[in-house]
Amino acid sequence: MGDEEAEYKVKYIDVEEDAEEATEFNWVSRAGKALVTYPNGCTYEGEFNSEKQKHGMGTFTWVEPDEEEGFKKVATYYGNYADGKKHGLGKMTFPNGDVYHGEWKENKMEGSGKFVWADGRTYEGLWENNQAHGKGVFTWKDGRRYEGEYKD
């Protein structure tokens, strides 16, 4: 008891429904497009490379247990992956309702992007290491704005 490894479910969606490759696996067995359901209920639907890592377009959905429905969605990322990490253009919706849409580099907000807080504030500009860094515009929900340079 307790020694069993948690298994996840992998269903390839880049093949015909009745193909042998369309059966469900407990591991990523090849490159291609698949739907993966993890033991905690989270899912990833998207592309995998020959190293069996998320690579290309995909959607990762984080969930948490819910007494009524089993699981409820708490966060999502839709966008590009490279070698298993968020990399390229993508959109992240956080559990508190904040949204970032922009460039990612190795799982970090990096490059040009827009962050919208759930309370209506926004920052649009450059990012580095998950922080506003470089030229950008911060707008408060009452309409006030600051346009200029940001550091860390």
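Here the structure is a predicted model, which means the values were calculated and not measured. (Residues numbered from 1 in each chain as written. Predicted model: local features only at pLDDT ≥ 70, side-chain atom pairs only at ≥ 80, totals over all residues. Heavy atoms only, no water.)

1. Side note on the overall build of the protein
Right, on to step 1. Counting its secondary structure elements, the protein contains zero helices and twelve strands.
Right, on to step 2. Along the protein, helices (α) and strands (β) appear in the sequence β-β-β-β-β-β-β-β-β-β-β-β when read from the amino end.
Right, on to step 3. For the protein, the C-alpha radius of gyration of 19 Å lies well beyond 15 Å, the compact-globule estimate for 152 residues.
Right, on to step 4. The dimensions of the protein, computed from C-alpha atoms along their principal axes, are 60 × 40 × 30 Å. (Helix = DSSP H or I, 4+ residues; strand = E, 2+ residues; numbered from the N terminus. Rg over C-alpha atoms; globule rule 2.2 N^0.38 Å.)

2. A look at the packing of aromatic side chains
Right, on to step 1. For the structure shown, the criterion picks out 19 aromatic pairs.
Right, on to step 2. Plain terms: the ring middles of Y44 and Y81 are 5.3 Å apart, the flat faces sit at 85° to each other, and that makes the pair edge-to-face. One end of the pair, Y44, is in strand β4 (residues 43–48); the other, Y81, is in strand β6 (residues 70–82), with 37 residues separating them in the sequence. Taken individually, Y44 and Y81 each receive the classification buried, so the pair is uniform in this respect.
Right, on to step 3. Between the aromatic rings of F138 and W140, the centroid separation amounts to 4.6 Å while the plane-to-plane angle is 65°, which identifies the pairing as edge-to-face.
Right, on to step 4. Residue class for F138 comes out buried when judged on its relative accessible area of 12%. (Phe/Tyr/Trp six-rings, centres within 6.5 Å; stacked < 30°, edge-to-face > 60°. Buried < 20%, exposed > 50% of the residue type's maximum accessible area, 1.4 Å probe, protein only.)

3. Things to note about the side chain of N49
Right, on to step 1. Among the secondary structure elements, N49 is positioned in the loop between β4 and β5 (54–66).
Right, on to step 2. We classify N49 as buried; its relative accessible area is 12%.
Right, on to step 3. There is a polar contact of 3.3 Å between the side chain of N49 and the side chain of D83.
Right, on to step 4. Setting aside residues up to four positions removed in sequence, N49 forms contacts with A31, H55 and D83. (Polar contact = N/O pair within 3.5 Å; in protein donor to acceptor, adjacent residues only side chain to side chain. Contact = heavy atoms within 4.5 Å.)

4. Quick notes on the pairing of strand β11 (residues 131–139)
Right, on to step 1. Bridging between strand β10 (residues 122–128) and β11 involves six bridges; their strand directions are antiparallel. Within β11, the position partnered with T122 by the bridge is T139.
Right, on to step 2. Linking β10 back to β11 in an antiparallel pair, the connection comprises two residues, with N129 at a positive phi of about 55°.
Right, on to step 3. Counted between consecutive antiparallel strands, the loop separating β11 from strand β12 (residues 145–150) contains five residues, among which G143 sits at a positive phi close to 100°. (Pairing = 2+ DSSP bridges.)

5. What to know about the pairing of strand β9 (residues 108–116)
Right, on to step 1. By the bridge criterion, six bridges tie strand β8 (residues 99–105) to β9 in an arrangement that is antiparallel. Residue Y100 lies in a different strand from β9, and its bridge partner there is F115.
Right, on to step 2. Linking β8 back to β9 in an antiparallel pair, the connection comprises two residues, with E106 at a positive phi of about 50°.
Right, on to step 3. Relative to β10, β9 runs antiparallel, the two sharing six bridges. Paired with K114 across the two strands is E124, which belongs to β10.
Right, on to step 4. Linking β9 back to β10 in an antiparallel pair, the connection comprises five residues, with G120 at a positive phi of about 105°.

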